[in-house]
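A look at the structure
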Amino acid sequence: MCEINGHTKQLGIIGYPVEHTFSPNMHNFISETIHNNYVYCAWRVKPENLKEAIDGMRALDIKGINVTAPHKVEVMKYLDRVDDTARQLGSVNTVVNMDGRLCGYNTDADGFCMSLDRAGIKIKDSRILIIGAGGVTRPTLIRLIDNGVASVTVLNRTKSKVCALAEDILKCKDFKINTEIDTLKFDIVINTTSAGMEPQENVLPTDNIEEIEDLSFIDSNTAAVDMIYNPDETLFLKEAKKRGALTLNGLGMLIYQGIIAYELFTGIKLPEDMGGRIKREVFGR
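Along each chain, the written sequence defines residue order, and numbers are assigned to residues from 1. Only residues with pLDDT of 70 or above have their local features reported here, since the model is predicted, and side-chain atom pairs are shown and tallied only from 80 upward, although totals for entire chains, interfaces and linings are computed over all residues. Only hydrogens and water are set aside; all other atoms, that is, all heavy atoms of the structure, feed into the side-chain values.

Turning our eyes to something else, we now look at the nonpolar core. Nonpolar core, defined: a set of buried Ala, Val, Leu, Ile, Met, Phe, Trp, Tyr and Cys residues in which side-chain atoms within 4.5 Å join the residues together. Burial classes follow relative accessibility: with a 1.4 Å probe on protein chains only, a residue under 20% of its type's maximum area counts as buried, one over 50% as exposed, and anything between as partly exposed. Counting residues in each nonpolar core, the largest one holds 30 residues, and the members touching the most others are Leu144, Val152, Val154, Ile177 and Ile190. A run of H or I in DSSP becomes a helix once it reaches four residues, and a run of E becomes a strand once it reaches two; helices and strands are each numbered from the N terminus. Contributing elements (two or more residues each) for this core: α4 (108-118), β7 (127-131), α5 (137-146), β8 (151-155), α6 (159-173), β9 (188-191) and β10 (223-226). Pairs of residues are marked as contacts when any of their non-hydrogen atoms sit within 4.5 Å. In contact with isoleucine 190, other than residues within four places in its own chain, are Phe112, Ile128, Leu129, Ile130, Ile131, Leu144, Val225 and Met227. Counting 23 residues, the second largest nonpolar core, distinct from the first, contains Leu11, Val18, Tyr40 and Met274.

Moving on to the packing of aromatic side chains. Centre-to-centre distance and the angle between the planes together describe a pair of aromatic rings. Between rings of Phe, Tyr and Trp, where Trp is taken as its six-membered ring, a pair exists when centres lie within 6.5 Å; planes separated by under 30 degrees are stacked, by over 60 edge-to-face, and by other angles tilted. One pass over the full model with this rule turns up 3 aromatic pairs. The interplanar angle of 75° and the centroid separation of 5.6 Å between the aromatic rings of phenylalanine 22 and phenylalanine 283 together place this pair among those described as edge-to-face. Placement of phenylalanine 22 in the loop between β1 (9-15) and α1 (23-33) and of phenylalanine 283 in the segment after α9 (274-281) is noted, with a sequence separation of 261 residues between them. Given a relative accessible area of 28%, phenylalanine 22 falls into the partly exposed group. Seen in terms of ring centroids, phenylalanine 186 and phenylalanine 217 are 6.3 Å apart; in terms of plane orientation they differ by 75°. Their pairing is edge-to-face. Taken together, the residues span a long stretch of sequence, with phenylalanine 186 in the loop between α6 and β9 and phenylalanine 217 in the loop between β9 and β10 at a distance of 31 residues. In this structure phenylalanine 217 comes out as buried when scored by relative accessible area, which is 11%. An aromatic cluster is defined as three or more aromatic residues linked by ring pairs; in this entry it consists of Phe22, Tyr229 and Phe283.

Keep in mind these values describe shape, not function.
Next up, the structure:
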């Protein structure tokens with residue numbers, strides 16, 4: 001790591017909890033690699049202390065922070081400006097300090113789409129199934145639509161949540177989301193749920209979906225994508241791989257959203273191979 005001195009600029013991530021994050025490893029690796037005098041830390045911020053934490057960012061002249069759960073929506077009210085894209089996506093995961101003015105951005109959805117592109121998974125004109133309707137689904141949907149998908153079906157254990165999401169997307173993007181399955185033919189199947197993470201390692205995201213009995217609809221023409229990156233290979237990805245599918249976990253999304261955020265923090269365009277270097281040298285993949 002570069003020597004920390006009086007010229008070192010601060011970056012970091014806030015969340016609650018935040019102890020599990022890999023962001024410091026990744027961002028500090030970038031700074032060291034390009035010889036940039038920045039240091040990146042993780043700060044545990046309770047929801048009731050969020051305003052004070054953002055005020056502290058100004059007071060300490062912290063140059064940028066990433067924002068993770070549960071603060072991505074609430075943080076917007078304490079910023080001076082929210083980027084139009086982040087406002088449309090409905091959440092902020094990156095805050096940049098521009099001479100005391102705090103500006104919010106969302107790099108999650110772009111990072112996700114970039115990870116698909118780098119893995120050779122074609123979004124344009126694809127038929128997509130998304131399992132889960134949690135907070136990450138809405139911004140993901142908007143970016144997939146922006147990238148020219150042919151159709152999107154969203155399934156969730158709670159049907160009312162999917163219907164509300166579909167109405168919202170129809171209003172903001174004039175795009176109809178399917179909430180019922182009319183055919184089990186998809187080019188990309190995406191898991192946005194926690195099924196497959198500890199303590200649900202032996203759970204498939206489809207286990208609580210009435211419309212799907214098994215994964216027999218996944219084959220060698222399907223890309224199976226999981227937003228989970230720990231473990232490397234969830235039960236969903238293992239089963240999809242057995243059926244010949246191209247599989248991708250959430251590590252690429254983590255890496256590429258971080259690269260986009262770092263460029264916003266510093267104004268530095270990173271080398272094209274930075275994603276691959278982080279994957280190999282930070283995560284050993």
